[in-house]
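Take a look at the letters that make up each chain.
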Amino acid sequence: MRFCRNCGKLLEDNQSYCSFCGKMVDTEKEVEIISSEDNSLTSFQKETSQPYKSMITHHIVPPLNNWIKVLLSIMVPVIPGLGALIGIIVGILFMTKEDKDRKTFGKALLTISIIFILLFCSCAFIFYFAMQEMITEYHFY
Amino acid sequence: MQDIFYFLCRGICHQIPERSFIIGHQYLPLCARCTGIYIGVFISFLYLLLRKRWYGNRPPSFGLLCILLFSFFPLIWDGITSYLNIRQTNNTIRIITGVLSGSTWPIFILLIKNYNIYTNNTKPLIKNIFEYIHIISLGCIFSFIIINGYFLSWNILSILLTGSIYLLYVQLFIGILKQIFYQLENQQMKKVYVLAHMMALNWMIMLSFVQKWIIDFL
């Protein structure tokens, strides 16, 4: 079994171009998916010389709850600074998972939290100037 | 020539002369804290390039991630307590806390740029804490040179600082554009790189103008 390197869809054996995304498929390098159960082979499977590597086991992982996604992505812009730091941690933790849904969400969360922390840093000194101006004008202290 | 650096750095830093270093009878275009941050960024990019980690895409482990994020807190604590007049800081503390937090930025930005959803990400960006300690110690040596003003000219240092700001924004924009245009071929990706460079330059110029308008408005 082969998979397209670009889009990850299943290919037929003699296809040289992916029918979904149109990218050329390397015929020499086959993408082999090694399942995590490889280490726990039974003795029977070890004795038989059949290639076990090309077998695929689909782990059924439920996709991430939508409320968690909404809460995390609202938290990043609403809580200044700290929310973005939490977003970086959660984003990278999701990126280490094997689930595709979690991977995409983790990458998006990491991107927005880095953008917001850069904005936070560059806006902090504008706020500083504004506060200084207000203090000198209205004699708050 | 020197006005260009002051103009480009104005959007990112307040440039208060009391808080900047003097090199060659002239103030640097960035304050002490921002100098520390962008020196950390430069050293970290250089270290990752020389150790051939530029295309690394494996996220760091959870313990290392906590250490990387914990290095932000000295800068935040130093900034808040000195702003509220609880304690006094000086330029040495500012530059060293800046190096601590700035050296983590390239790791996250290169991770955004190189991470691929469809493959197993196996190339490490940063392996263990010792590599992070190397980056920090190199940054501290560099900041020690800046504090004392040894063998550095104003032009070289300001080119280095604005270059590292520019590099940071370019890598970030390439990472974002790669997520949007992930279907493109290698030939067309060159246009994306050109677009990212233009966006970064535009962003720096626009921030500088916005800062000037806000100060005039106040």
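As the structure is a prediction and not an experimental result, all values here were calculated from the model. (Residues numbered from 1 in each chain as written. Chains lettered and ligands numbered in written order. Predicted model: local features only at pLDDT ≥ 70, side-chain atom pairs only at ≥ 80, totals over all residues.)

## Re the overall build of chain B
At step 1: For chain B, the helix and strand inventory stands at nine helices and zero strands.
At step 2: Taken from the N to the C terminus, the helices and strands of chain B come in the order α-α-α-α-α-α-α-α-α.
At step 3: Computed over C-alpha atoms, the radius of gyration of chain B comes to 18 Å, within 12% of the 17 Å expected from 2.2 N^0.38 for 218 residues, which places it in the range of a compact globule.
At step 4: Overall size of chain B, expressed as C-alpha extent along the three principal axes, is 50 × 40 × 35 Å.
At step 5: The proportion of buried residues among the 218 residues of chain B is 36%. (Helix = DSSP H or I, 4+ residues; strand = E, 2+ residues; numbered from the N terminus. Rg over C-alpha atoms; globule rule 2.2 N^0.38 Å. Buried ≥ 20, exposed ≤ 12 C-beta atoms within 10 Å, placed from the backbone.)

## Some words on the interface of chain B and chain A
At step 1: At the interface, 24 residues of chain B touch 23 residues of chain A.
At step 2: Secondary-structure elements contributing two or more residues to the side of chain B that touches chain A are helix H3 (62-70), helix H6 (105-114), helix H8 (154-180) and helix H9 (186-217) of chain B.
At step 3: With four residues, H9 of chain B is the single largest residue contributor to the side of chain B that touches chain A.
At step 4: Each residue belonging to the side of chain B that touches chain A can be placed in one class, and the counts come to 19 nonpolar, five polar and no charged. (Contact = placed C-beta atoms within 7 Å. Nonpolar A, V, L, I, M, F, W, Y, C, P; charged D, E, K, R; others polar.)

## Some points on the environment of isoleucine 174 of chain B
Residues and elements named next belong to chain B.
At step 1: Summarising the element assignment, isoleucine 174 is placed in helix H8.
At step 2: For isoleucine 174, a count of 20 C-beta atoms within 10 Å gives the class buried.
At step 3: Sequence separation between isoleucine 174 and isoleucine 109 is 65 residues, and the spatial gap between their C-alpha atoms is 9.7 Å.
At step 4: In contact with isoleucine 174, not counting residues within four places along its chain, are Lys113, Tyr193 and Ala196.

## Observations concerning helix H5 (residues 91-102) of chain B
All names here are of chain B.
At step 1: Between its first and last C-alpha, H5 extends 16 Å over twelve residues, near the 16 Å set by a 1.5 Å rise per residue.
At step 2: Within H5, nine of the twelve residues are buried, which leaves it mostly tucked inside the rest of the structure.
At step 3: Against helix H2 (32-50), helix H4 (73-83), H6 and helix H7 (129-148) lie the buried residues of H5. (Expected span 1.5 Å × (residues − 1).)

## Regarding the packing of H5 of chain B against H7 of chain B
Residue and element names in this part refer to chain B.
At step 1: Two numbers describe how H5 lies on H7: the axes approach to 9 Å, and their chain directions differ by 150 degrees. Considering the angle they form, H5 stands roughly antiparallel to H7. When the axes of H5 and H7 are compared, the crossing they make is right-handed. Only Ile136, Gly139, Cys140, Ser143 and Ile147 of H7 make contact with H5, whose side of the interface consists of Thr92, Ile95, Ile96, Val99 and Leu100. (Axes fitted to C-alpha atoms, helices over the stretch in contact; angles between N-to-C directions. Parallel < 35°, antiparallel > 145°, perpendicular 65-115°, else oblique. Left-handed = near helix turned anticlockwise from the far one by under 90°.)

## Some words on the nonpolar core
At step 1: Among the nonpolar cores identified, the biggest contains 60 residues, and Leu110 of chain A together with Leu30, Tyr38, Phe108 and Ile109 of chain B are the most heavily contacted of them.
At step 2: Setting aside anything within four residues of it in sequence, one finds isoleucine 109 of chain B in contact with Ile114 of chain A together with Leu168, Gln171, Leu172 and Gly175 of chain B. (Core = buried A, V, L, I, M, F, W, Y, C linked by C-beta atoms within 7 Å.)

## Points about the packing of H2 of chain B against H8 of chain B
All names here are of chain B.
At step 1: Between H2 and H8, the shortest axis-to-axis distance is 9 Å and the interhelical angle comes to 70 degrees. Comparing their axes, H8 and H2 come out roughly perpendicular. Classified by chirality, the crossing of H8 by H2 is left-handed. The segment H2 lies against H8, with Thr35, Tyr38, Val41, Phe42 and Phe45 engaging Leu160, Leu161, Ser164, Ile165, Leu167 and Leu168.
At step 2: When grouped by side-chain class, the residues that make up the contact of H2 with H8 number nine nonpolar, two polar and no charged.

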